[in-house]
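Commentary on secondary and tertiary structure
Listed below are the residues making up each chain.
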2 protein chains.
Amino acid sequence: MTISLTEENYLKAIYSLSSSSVDEAISTNQISDKLNIKAATVTDMLKRLSEKKLINYIPYRGVKLNEKGKQTAVKVVRKHRLWEVFLVEKLNFKWDEVHEIAEQLEHINSDELILRLDKFLGKPKFDPHGDPIPDAKGLLNVVKAVALNKHKTKSEFIFVGVTEHSKSFLQHLTAIGLKIGDTLKIEDINDFDNSFKVKINKHNTRFFSNKVAANILVDIKK
Amino acid sequence: MTISLTEENYLKAIYSLSSSSVDEAISTNQISDKLNIKAATVTDMLKRLSEKKLINYIPYRGVKLNEKGKQTAVKVVRKHRLWEVFLVEKLNFKWDEVHEIAEQLEHINSDELILRLDKFLGKPKFDPHGDPIPDAKGLLNVVKAVALNKHKTKSEFIFVGVTEHSKSFLQHLTAIGLKIGDTLKIEDINDFDNSFKVKINKHNTRFFSNKVAANILVDIKK
DNA sequence: AATATTTTTTAGCCTAACCTAAAAATTTAT
DNA sequence: ATAAATTTTTAGGTTAGGCTAAAAAATATT
Ligand SMILES: [Mn+2]
Ligand SMILES: [Mn+2]
Ligand SMILES: [Mn+2]
Ligand SMILES: [Mn+2]
């Protein structure tokens, strides 16, 4: 039984929606919004994925991935993130340029290729956006990082990832001069608009809107 | 106007058929045989490619690529061969393992990616099977190599490529111990079955069936 | 030149993956 | 507990890319 590119994209979407709302069923409309595909079409596909035993679908009640479906989705995510590492580390793309190309490459079907690509890249644990790369068994380092705007303390943080992957957001961070691994220290939070005054690498002071801060993931520096 | 994966495969097939019979129109049946798609389906597609101004198609008279179609086909070939070099040179695949994966990778759509991949690989001129890689402008080193079995002389040759790309043939050459770049000297041609007795790199004597010799391309050693 | 064979096209069908409009089920508000 | 609003499904349509069977055109044989 073969899984089409389109089916892979539906599974990936359901997987991604599931990880933000743990253990709850995903609705037709959520998938429709995420993929920009009309709800009626999504219903069609859910029936087909259910037929193929990749999901548990109850009409009107939503959908969950089963083991097979989750495995398939995680594999696509693994491929996506490995290819992003390849594009940045080996071909010198910038982190805001790789997502669209990886959207294509993630559907290339060859286990041997993933295996060798992973080895060639030195078995990376994270992609250029700080997202964890599932291992060959589908196991994934859960990232316990928290968005910068959830913190109020003036302690030091390390910038470990982003939750938004749009070109404009990533380019904005590059323009500010912020890269993954940088040290961040909250110096002030403005009462008026909840914007952040932050010191980067103990050198440069920058201001982040709350929206920017909400999409920056940090670990507390030890 | 976007060109689908399927359309790319038809254009590539027509291109490949054209290079063996220069300047003659390609028939519906030739394409049907090459792609293992029924002739009626091919006719359908030829009408569509003609609509899209990628080919010159005259019903009952066959088809030729026009400039646009040729350009598209050559670009797919360029991508295919660059990816094969990547797989062999960087990921250590064997030359008989890469074709199927390259059949997928050749459809990844990103000019910037081809550009950077080419640079990363050191702008290679030939793929692992000795096939020339078209440059960014679509220009191609014409290979003037001749099949070994066309030669009768006992002079020395260099093995520069293969005309057959099947796994079984390539594995056979590997088993014999023959690699691209090796020196070949015809020691004898058997009257009975036209098989070749050949010395490889002045060391090892091997016997090639005429069919094998027909698929080995050689240059005369200077 | 007429007939037989081969090649190609046309006609009619199918499936995957999309769509819109309408109906049905569920959820929310009164 | 109804009624209104929202969500989801069903019904019917489209396009790309495949198929088979039959018709038409081109080519080969007598
Ligand atoms: Mn991405
Ligand atoms: Mn990423
Ligand atoms: Mn190949
Ligand atoms: Mn090749």
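Residues numbered from 1 in each chain as written. Chains lettered and ligands numbered in written order. Predicted model: local features only at pLDDT ≥ 70, side-chain atom pairs only at ≥ 80, totals over all residues. Heavy atoms only, no water.

Another aspect to go through is the sheet that holds strand S5 (residues 183–189) of chain A. All names here are of chain A. Overall, antiparallel pairing links the six strands, which are arranged S3-S8-S4-S5-S6-S7 in an open sheet. Here the strands that pair on one side only, and so sit at the sheet edges, are strand S3 (146–147) and strand S7 (204–208). Relative to strand S8 (residues 216–220), strand S4 (residues 156–162) is paired through five bridges, and the arrangement is antiparallel. Residue pairing for S8: Gly161 is matched across the bridge by Leu217. Set on the sheet, helix H7 (residues 167–176) makes contact with S4, strand S6 (196–200), S7 and S8; between it and S4 the angle comes to about 145 degrees. (Pairing = 2+ DSSP bridges. Helix = DSSP H or I, 4+ residues; strand = E, 2+ residues; numbered from the N terminus. Contact = heavy atoms within 4.5 Å. Axes fitted to C-alpha atoms, helices over the stretch in contact; angles between N-to-C directions.)

What follows deals with the coordination of the manganese ion (ligand 4). Residues and elements named next belong to chain B. Here the manganese ion (ligand 4) is held by Glu84 (OE), Asp127 (OD) and His129 (ND1), and the distances to it run 2.1 to 2.3 Å. Counting gaps between the donor residues of the manganese ion (ligand 4) yields the pattern E-x42-D-x1-H. A gap of 3.5 Å separates the manganese ion (ligand 4) and the manganese ion (ligand 3), which Glu84 links by coordinating each metal. The two residues Asp127 and His129 agree in class, both being buried. (Donors = N, O, S within 2.8 Å, 3.2 Å for Na, K, Ca; no water. Buried < 20%, exposed > 50% of the residue type's maximum accessible area, 1.4 Å probe, protein only.)

This part covers the interface of chain A and chain B. Many structure descriptions define interface size as the accessible area lost when the parts assemble. The interface is formed by 20 residues belonging to chain A together with 20 residues belonging to chain B. Here chain A and chain B share an interface that buries about 1,600 Å² over both sides, 73% of which is from carbon and sulfur atoms. Three residues stand out in chain A for area buried against chain B, namely Leu91, Gln104 and Arg116 of chain A, and they jointly supply 33% of the buried area on that side. Where chain A meets chain B, there are zero salt bridges. Only helix H4 (67–90), helix H5 (99–105) and helix H6 (111–120) of chain A provide two or more residues apiece to the side of chain A that touches chain B. If one sorts the elements of the side of chain A that touches chain B by residue count, H6 of chain A sits on top with five residues. (Buried area = accessible area lost by both parts, 1.4 Å probe. Salt bridge = Lys/Arg side-chain N within 4 Å of Asp/Glu carboxyl O.)

Ring pairs (aromatic) are described by centroid distance and by the angle formed between their planes. This model, assessed by the stated rule, comprises seven aromatic pairs over all chains. Taking 5.6 Å as the distance between ring centres and 85 degrees as the angle between the ring planes, the aromatic pair formed by Trp83 of chain A and Phe86 of chain A counts as edge-to-face. With a gap of three residues between them, Trp83 of chain A and Phe86 of chain A both fall in helix H4, about one helical turn apart. Classification of Phe86 of chain A by relative accessible area gives buried; the value is 0%. With 6.1 Å between their ring centres and 85 degrees between their planes, Trp83 of chain A and Trp83 of chain B make a pair best called edge-to-face. Linking Trp83 of chain A in helix H4 with Trp83 of chain B in helix H4 (residues 67–90), this pair reaches from one chain into another. Taking relative accessible area as the criterion, Trp83 of chain A reaches 2% and is therefore assigned buried. Note that Lys90 of chain A overlies the ring of Phe120 of chain A, its terminal NZ or CZ placed 4.5 Å from the centroid. (Phe/Tyr/Trp six-rings, centres within 6.5 Å; stacked < 30°, edge-to-face > 60°. Lys NZ or Arg CZ within 6 Å of the ring centre and 35° of its normal.)

For the rest of this paragraph, the subject is the coordination of the manganese ion (ligand 1). Residue and element names in this part refer to chain A. Coordination of the manganese ion (ligand 1) by the protein comes from His80 (NE2), Glu84 (OE) and His99 (ND1), over a distance range of 2.0 to 2.2 Å. In primary-sequence terms, the residues that donate to the manganese ion (ligand 1) follow H-x3-E-x14-H. If you look at the manganese ion (ligand 1) and the manganese ion (ligand 2), they sit 3.5 Å from each other and are both ligated by Glu84. Of the two residues, His80 and Glu84 are both situated in helix H4; the distance of four residues between them amounts to about one turn of the helix. We classify His80 as buried; its relative accessible area is 7%. The exposure class of Glu84 is buried, given its relative accessible area of 1%.

This part takes up the protein's contact with DNA strand D. Looking at DNA strand D, there are 21 residues lining it, with Thr43 and Tyr57 of chain A together with Ser4, Arg48 and Arg61 of chain B nearest. Counting only the atoms of DNA strand D within 4 Å of the protein, the fraction contributed by sugar and phosphate is 83%. With respect to DNA strand D, the side chain of Thr41 of chain B contributes an N or O atom lying 2.9 Å from a phosphate oxygen. Elements represented by at least two residues in the surface near DNA strand D include exactly helix H2 (28–35) and helix H3 (39–51) of chain A together with helix H1 (5–20) and helix H3 (39–51) of chain B. Residues of the surface near DNA strand D, tallied by class, amount to 10 nonpolar, seven polar and four charged. (Near = heavy atom within 4 Å. Polar contact = N/O pair within 3.5 Å; in protein donor to acceptor, adjacent residues only side chain to side chain. Nonpolar A, V, L, I, M, F, W, Y, C, P; charged D, E, K, R; others polar.)

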